Amino acid sequence: MEALDGNAIGGLLQEVFGTEMTNATGMCGTCGAAGPVAECVVYLRAPGTVVRCRNCGYVLMVFVKVRDMNCVDLRGLATLGRG
Amino acid sequence: MSPISRGFHGRRRTPAGAEGRVPPGQYVTSDFPVLSAGPTPHTPLEKWTFSITQEGGPSKSWSWTEMRGLSAETVTADIHCVTRWSKLDTEWQAVSLDTLLAQVEHDAEYVMAFSDGGYTTNLPLADVTGGQAWLAFGYDGKPLEPEHGGPARLLVPHLYFWKSAKWVRGLELRDDDEPGFWETYGYHMYGDPWKEQRYAGD
Amino acid sequence: MEGTAVRGRLTWQVATVSQLIDETPSVRTIVLQVPDWAGHRAGQHLDVRLTAEDGYSAERSYSIASAPGEPVAITVERLEDGEVSPYLTGELQVGDELELRGPIGGYFVWDADHDRGPLMLLAGGSGIAPLRSILRQREHSGSMVPTRLVYSSRSLPDVIYRGELDRCDGGVEVIYTLTRQQPPGWSGHAGRVDAALLAEATWPASQDPIAFVCGPTSFVETVAEGLVGLGYPARRVKTERFGATGGPGGPDGGT
């Protein structure tokens, strides 16, 4: 099963954050690698959406839709923001 | 409610005679969807072990050869994924977890299954004993493929299939029920498909 | 520009199919009439949601294949064991409604005032869709940026938008490669995009090109790695991976 990238969750991210986020920069809390969210590794075919660091593979973000509510875990990120 | 898409049915068919076998909110599929939260691990068999561990108590580990030397059986089961697909009459070649757990002395009430790649899932001990759970290494008469959890995965068909951890490497015996990977993110601690226990609070 | 095409909270809206165009035996373009469309940028995509009578729903993402200012269009490849694509390329009729939200994306986008360096586009299969939006926007805006497109397809009948690509103006060079089957007398490239083809067909890194790579994951990874190997800085290589199945996918899977 091939993984996708952060582009595939552009809609979900905009739903959660209220703004376009694929161009935002995420920094991995495990290895420190930083880059656009669009370039993260994304696994969509799961009970939730899992976003992993392209450099070290650790989980950055997890999104689960629980009864129409978005549950979001960003603990794998050190930072997430514009620029 | 979203507008209906004229003529759209999706892939679902409930085969005749399947009534009563499909839990609420599920649909029957004839293919075998591959769901994953991470890359497929590839542990060579000579490095593979399955361990039952506990804090402050005896543990036991089996190599691949040792595990395959245990008595195994063919299990036919209906499986139900929390993403709403169900697959009927799946056939597995597996070692009963009763066989493995019997070799470790313990009085634990819960287990945390752990897998290559970091996946975990929690289960009551009562649900992985009494002929309800297996370590499966074969599917449909062939070795279990990596994308479906090979070389070996848990098989606990009476619960939602996220509890049947792929690429499983062992069970940690525990006194308390702690949430595993999906349970931490909002999925149900137990996961009975017949009570539609998908999310925490269901 | 960015303000109009990124409206904050995305909302689902109902569009109507206004035209269906069969591009190849397995690929169809769906032109949509979208009442509250705010406009889009070349390279963006939209999410489509289908709902069956019993409430079952499936979502997928599709790149917008038309340029800003043109009617919204998506190009869908039919996957034989797919759940959504056979419906969109088969059952769907002009006049049907389609629920969608968009436009989405701020990374894999190109504007005419984008850049100084030449434009390098690389597409695998249906990955051509967002790049076609870029090419059309380049033409509409009067941009003269030197552009090359490397487009990998299984065979000549599988080349999407072929007529349009063959008519590209002098500033755009299109390099096809056919991976499985070539017509008799084919003098173009054959086989998958590899280091040799990239070395031959891409702008030299010294010209500070900007690259957009789109297609199946394995295609994108091979090409992106190849471009970096040729000296393209990683930040000058924009990537968009489709499932091996032909679209960025959706929560229920990629077909």
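Relevant structure appears above.
Residues numbered from 1 in each chain as written. Chains lettered and ligands numbered in written order. Predicted model: local features only at pLDDT ≥ 70, side-chain atom pairs only at ≥ 80, totals over all residues.

Draft legend 1. Examining the overall build of chain C more closely. Looking only at helices and strands, one finds 6 helices and 12 strands in chain C. Whereas a compact globule of 255 residues would reach a radius of gyration of roughly 18 Å, chain C reaches 18 Å, a difference of no more than 12%. With respect to the three principal axes, the spread of C-alpha positions in chain C is 55 × 45 × 30 Å. By the burial criterion, 50% of the 255 residues in chain C qualify as buried. The contacts in chain C between residues at least 6 apart in sequence include a share of 73% that link residues at least 24 apart. (Helix = DSSP H or I, 4+ residues; strand = E, 2+ residues; numbered from the N terminus. Rg over C-alpha atoms; globule rule 2.2 N^0.38 Å. Buried ≥ 20, exposed ≤ 12 C-beta atoms within 10 Å, placed from the backbone. Contact = placed C-beta atoms within 7 Å.)

Draft legend 2. Broad picture of the pairing of strand β7 (residues 119-124) of chain C. All names here are of chain C. Counted residue by residue, β7 has 6 buried out of 6 residues, so it is predominantly covered. Here β7 shows a buried face lined by L119, L121 and A123 and a second buried face lined by M120, L122 and G124. Inspection of the sheet shows β7 paired to strand β8 (residues 147-153) by 6 bridges, in the parallel sense. Paired with L119 across the bridge in β8 is T147. Handedness of the crossover is the feature at issue here: the chain leaves β7, passes through helix α3 (residues 128-141), returns alongside β8, and the resulting connection is right-handed. Of the pairings in the sheet, the one linking β7 to strand β11 (residues 210-216) comprises 5 bridges and is parallel in character. The residue of β11 that forms the bridge with A123 is C214. (Pairing = 2+ DSSP bridges. Right-handed = clockwise from strand over helix to strand, strands pointing away.)

Draft legend 3. Up close: the interface of chain A and chain C. Taken together, the contact between chain A and chain C spans 20 residues of the former and 25 residues of the latter. If you list the elements that add at least two residues to the side of chain A that touches chain C, you get β1 (4-5) and α1 (10-17) of chain A. With 4 residues, the top contributor of residues to the side of chain A that touches chain C is α1(A).

Draft legend 4. Seen up close, α3(C). Residue and element names in this part refer to chain C. Helix length check: α3 (14 residues) gives 20 Å between terminal C-alpha atoms against 20 Å at 1.5 Å per residue, within 8%. Of all 14 residues in α3, 10 are buried, a share of seventy percent or more. Buried within α3 are the following residues: I128, A129, P130, L131, R132, S133, I134, L135, Q137 and R138. Looking one or two residues past α3, G142 carries a phi angle of roughly 75 degrees, positive in sign. (Expected span 1.5 Å × (residues − 1).)

Draft legend 5. How the structure looks around the pairing of strand β6 (residues 110-115) of chain B. Residues and elements named next belong to chain B. The element β6 is largely enclosed, with a buried count of 6 among its 6 residues. Judged by which residues are buried, β6 turns out to be covered on both faces: Y110, M112 and F114 on one side and V111, A113 and S115 on the other are all buried. What sits between β6 and strand β7 (residues 120-124) in their antiparallel hairpin is a turn of 4 residues, with G117 showing a positive phi close to 90 degrees. Where β6 and strand β11 (residues 168-174) come together, 6 bridges link them in antiparallel fashion. When the bridges of β11 are listed, S115 appears paired with V168.

Draft legend 6. Fine view of the sheet that holds strand β3 (residues 34-36) of chain A. All names here are of chain A. Pairing in this open sheet of 3 strands is antiparallel, and the strands run β3-β2-β8 from one edge to the other. The two strands at the open ends of the sheet, each matched to only one other strand, are β3 and β8 (77-81). Neighbour to neighbour, the strand axes of the sheet diverge by 20 degrees on average, direction disregarded. Alignment of strand β2 (residues 25-28) against β3, held across 3 bridges, turns out to be antiparallel. Following the sheet pairing, G26 is matched in β3 by G35. (Axes fitted to C-alpha atoms, helices over the stretch in contact; angles between N-to-C directions.)

Draft legend 7. Summary view of the sheet that holds strand β1 (residues 13-24) of chain C. The 6 strands lie next to each other as β4-β3-β6-β1-β2-β5 (chain C), forming an open sheet whose pairing is antiparallel. Each end of this open sheet is capped by a strand with a single partner; those strands are β4 (57-63) and β5 (72-77) of chain C. Across the sheet, the mean angle separating the axes of adjacent strands is 40 degrees when strand polarity is ignored. Each of β3 (45-51), β4 and β6 (97-104) of chain C touches α1(A); the most contacted strand, β6(C), lies at about 75 degrees to it.

Draft legend 8. Spotlight on the environment of F137(B). Residue and element names in this part refer to chain B. Along the chain, F137 falls in strand β8 (residues 134-139). With 21 C-beta atoms counted inside 10 Å, the residue F137 sits in the buried group. Residues F137 and P151, 14 residues apart in the sequence, show an inter-C-alpha distance of 5.8 Å. Ignoring sequence-local partners within four residues, the contact set of F137 consists of Q93, A94, P143, L144, P151 and A152.

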